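Understanding the architecture of this molecule
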Amino acid sequence: MTTLTVNIDDKKTEKAIKAVLDAFGLDYDLSQNNDTTKRPLNKSEQLIYDRLKKSAEEIRLYKEGKIKLQDASEFLDEL
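Cut-offs used in this document
Residues numbered from 1 in each chain as written. Predicted model: local features only at pLDDT ≥ 70, side-chain atom pairs only at ≥ 80, totals over all residues. Heavy atoms only, no water. Salt bridge = Lys/Arg side-chain N within 4 Å of Asp/Glu carboxyl O. Helix = DSSP H or I, 4+ residues; strand = E, 2+ residues; numbered from the N terminus. Buried < 20%, exposed > 50% of the residue type's maximum accessible area, 1.4 Å probe, protein only. pLDDT = per-residue confidence, 0-100.

Turning our attention to the pattern of salt bridges. If you walk through the whole model with that rule in mind, you get 6 salt bridges. Measuring nitrogen to oxygen at the nearest pair gives 3.6 Å for the salt bridge that ties E58 to K54. Of this pair, E58 and K54 are both found in helix α2 (residues 43–63), 4 residues apart, which corresponds to roughly one turn of the helix. E58 sits in the partly exposed class, given a relative accessible area of 31%. Overall, K54 belongs to the exposed group, its relative accessible area being 53%.

See below:
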């Protein structure tokens with residue numbers, strides 16, 4: 001048996017997913033989780049998060065005039 005966890009934020013999508021599961025005759029459990037506790041990130045999610053955080057920090061430093069960012073054409077020339 002395989003367990004699939006799907007986080008759905010809107011009622012319309014929830015209704016559509018339940019209809020699909022019913023059409024396939026699949027068993028499912030519903031749980032309303034309004035808890036603000038989040039699951040830990042997996043390795044690839046953590047990597048993406050870290051890269052986005054670093055990029056946001058670089059943008060902040062650029063806006064403050066503390067660093068100069070590389071021009072897109074300069075980046076492409078390096079490839």
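Read on for the rest.
What follows concerns the confidence of the model for the protein. Of all residues in the protein, 94% have pLDDT values of 70 or greater, and the mean over the chain is 89. Per-element confidence in the protein is highest for α2, whose mean pLDDT is 95, and lowest for helix α3 (residues 72–78), whose mean pLDDT is 89.

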